[in-house]
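Next come the chains, spelled out residue by residue.
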Amino acid sequence: MVGLDVTLESLDTGYSRGAEQTVVSRGLSATLPAGRLTCLLGRNGAGKSTLMRTLAGFQKPLAGRILAGGADISGLSALEMARTAGVVLTDRIQARELTVGELVSMGRAPYTDTWGRLSRADREAVARAMEMTGTSDMEGRRVSSLSDGERQRAMIAKALAQDTPVILLDEPTAFLDYPGKVEIMRLLRSLASEAGRTVMLSTHDVELAMQTCHHVWLLSRATGLAEGAPGEIDLNPAFGSDTLRYDRATMTFSIV
């Protein structure tokens, strides 16, 4: 599966209630490049979660367009969207009594028949996803028995089994210790560069993101959306203060 470039064109995000609109972000234009890991960064309240939900098709843009491989996602059916983007949210898994194998198999739902029966090709896709994420040896374990890091790997395997060109992850390192965060970030980077997927994640682990990702989206209420390679992005407009400064050369923060 080859990734797709995803492009925002003058995108406004937010919420509609009848004729009333609440705009969270306005006029966003940027590109998620195929075969790259892009990290979405920003302060709390910048609008990252709203943007992620809009990218995933869970809520409609208030204005502008999102193009995936040149196609406006607003024209895609639910099934077509499920075959375009796999999504991993921060929500805790409810189906805790499923086995890991059963959980990952749920990623094949966009391709199975009415009864959810797996074909040989479906089973091969599940096995491939588990091998890529190092979860094959957990196939028979209950989700309830997994550590946070193992659970995140299983959810990423489910998204991979969905076999979509685009994978979107909201705070995939949120519940992990630092070694676990590094492990997940390295996995996602390799999925982008080696498997050719378009991978985007939002995160508060800013320094780790800058040292790991290929591409950065920096979202700010004041300045909108900036994008570029990690070495090109200055985080000070969004994160800097009288007591905290970001050094672009070392990609680290210092307390001043």
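This text goes with the structure placed above it.
The notes below deal with the structure included here. All chains use their own residue numbering, which begins from 1 and follows the written sequence. Per-residue local features are limited, in this predicted model, to residues with pLDDT of at least 70; the limit for side-chain atom pairs, both in listing and counting, is 80 or more; totals at the level of whole chains, interfaces and linings are taken over all residues. Excluded from the side-chain calculation are hydrogens and water; included are all heavy atoms of the structure.

**A look at the packing of aromatic side chains**
Thought 1: Ring geometry is summarised as follows: Phe, Tyr and Trp rings, the Trp one being its six-membered ring, pair when their centres sit within 6.5 Å, and such pairs are stacked at plane angles under 30 degrees, edge-to-face over 60 and tilted between the two. Going through the model one piece at a time under the given rule, you end up with two aromatic pairs.
Thought 2: Consider the rings of Phe 239 and Phe 253, whose centres lie 6.0 Å apart with planes at 70°: the pair is edge-to-face. You can see Phe 239 sitting in helix H8 (residues 236–239) and its partner Phe 253 sitting in strand S12 (residues 252–255), a full 14 residues away along the chain.
Thought 3: Only protein chains enter the calculation, and the probe is 1.4 Å; a residue is then buried if its accessible area is under 20% of its type maximum, exposed if over 50%, and partly exposed in between. Assessed through its relative accessible area of 12%, Phe 239 is described here as buried.
Thought 4: Here a set of aromatic residues connected by ring pairs shows up, and it is made of Phe 239, Tyr 246 and Phe 253. A helix here means a DSSP run of H or I that spans at least four residues, while a strand means a run of E at least two residues long, and both kinds are numbered starting from the N terminus.

**Considerations on empty space enclosed by the protein**
Thought 1: The way it works is a 1 Å grid over only the protein atoms, where trapped points that fit a 1.4 Å probe form a cavity and open points with protein on both sides within 12 Å along at least five of seven lines form a pocket, and then any residue with an atom within 4 Å of a point lines it. Grid points are joined across faces, edges and corners, and a volume is the space filled by probe spheres set on the points. Applying the stated rule across the entire model yields two cavities of 30 Å³ or more.
Thought 2: Its boundaries defined by the atoms lining it, the second largest cavity holds a volume of some 70 Å³.
Thought 3: Forming the boundary of the second largest cavity are Val 6, Leu 32, Leu 55, Ile 66, Ala 68, Ile 73, Met 81, Thr 84, Ala 85, Val 166 and Leu 168.
Thought 4: Mapped onto the lining of the second largest cavity, the elements with two or more residues apiece are strand S4 (63–68) and strand S7 (166–170).
Thought 5: Polarity classes work like this: nonpolar for Ala, Val, Leu, Ile, Met, Phe, Trp, Tyr, Cys and Pro, charged for Asp, Glu, Lys and Arg, and polar for all others, with Gly in that last group. Residue classes in the lining of the second largest cavity are distributed as 10 nonpolar, one polar and no charged.

**Description of the state of the cysteines**
Thought 1: When the sulfur atoms of two cysteines come within 2.5 Å, that pair is taken as a disulfide. Applying the stated criterion across every chain yields a total of zero disulfides.
Thought 2: Take Cys 39: it sits in no disulfide, and the sulfur closest to it among the cysteines is that of Cys 213, at 4.1 Å.

**As for the packing of helix H5 (residues 148–161) against helix H6 (residues 178–193)**
Two packed helices can be described by the angle between their axes and the distance between those axes.
Thought 1: Under this scheme, a helix contributes an axis fitted over its contacting stretch, all axes are lines through C-alpha atoms, and angles between N-to-C directions fall in the 0 to 180 degree range. Running from N to C, H5 and H6 point in directions that differ by 15°, and their axes come no closer than 11 Å. The orientation of H5 relative to H6 falls into the category roughly parallel. Note that H5 runs across H6; the crossing there is right-handed. In this structure, H5 contributes Gly 149, Gln 152, Arg 153, Ile 156 and Leu 160 to the contact, and H6 contributes Glu 183, Ile 184, Leu 187, Leu 188 and Leu 191.
Thought 2: When the residues that make up the contact of H5 with H6 are grouped by side-chain class, the tally is six nonpolar, two polar and two charged. Any angle that falls under 35 degrees is termed roughly parallel, while one over 145 is termed roughly antiparallel, one within 65 to 115 roughly perpendicular, and all others oblique. In this scheme the handedness of a crossing depends on how the near helix is turned from the far one: anticlockwise by less than a right angle means left-handed, clockwise means right-handed. The contact criterion used throughout is that any non-hydrogen atoms of two residues lie within 4.5 Å.

**A closer look at the side chain of Thr 173**
Thought 1: Mapped onto the elements, Thr 173 comes out in the loop between S7 and H6.
Thought 2: By relative accessible area, Thr 173 is classed as buried at 0%.
Thought 3: The residues touching Thr 173, leaving out its near neighbours within four places in the chain, are Gln 152, Lys 181, Ile 184, Met 185, Thr 203 and Asp 205.

**Here's the deal with helix H4 (residues 120–133)**
Thought 1: Given the number of residues in a helix, its expected span is that number minus one, multiplied by 1.5 Å. Between its terminal C-alpha atoms H4 stretches 20 Å, which fits the 20 Å expected from 14 residues at 1.5 Å a residue.
Thought 2: Taken as a whole, H4 has its buried residues at Asp 122, Ala 125, Val 126, Ala 129, Met 130 and Thr 133. Along the long axis of H4, the arc covered by the buried residues comes to 130°, so they all point the same way. In H4, the exposed positions angled more than 90 degrees off the buried face are occupied by Arg 120 and Glu 131.
Thought 3: Summarising the contacts, the buried residues of H4 are in contact with helix H3 (100–105), H5 and H6.
Thought 4: Gly 134, located one to two residues past H4, shows a positive phi value of around 65°. This arc is taken over the directions from the axis of the helix to the C-beta atoms.

**As for the nonpolar core**
Thought 1: The term nonpolar core refers to a set of buried residues drawn from Ala, Val, Leu, Ile, Met, Phe, Trp, Tyr and Cys, joined through side-chain atoms within 4.5 Å. Core analysis: the largest hydrophobic core is formed by 44 residues, its most contacted members being Leu 41, Leu 169, Leu 188, Met 210 and Leu 235.
Thought 2: Not counting chain neighbours up to four residues away, the residues in contact with Leu 188 comprise Leu 37, Ile 156, Leu 169, Pro 172, Val 199 and Leu 201.
Thought 3: Grouped together as the second largest cluster of nonpolar side chains are 23 residues, Leu 51, Leu 55, Ala 85 and Met 200 included.

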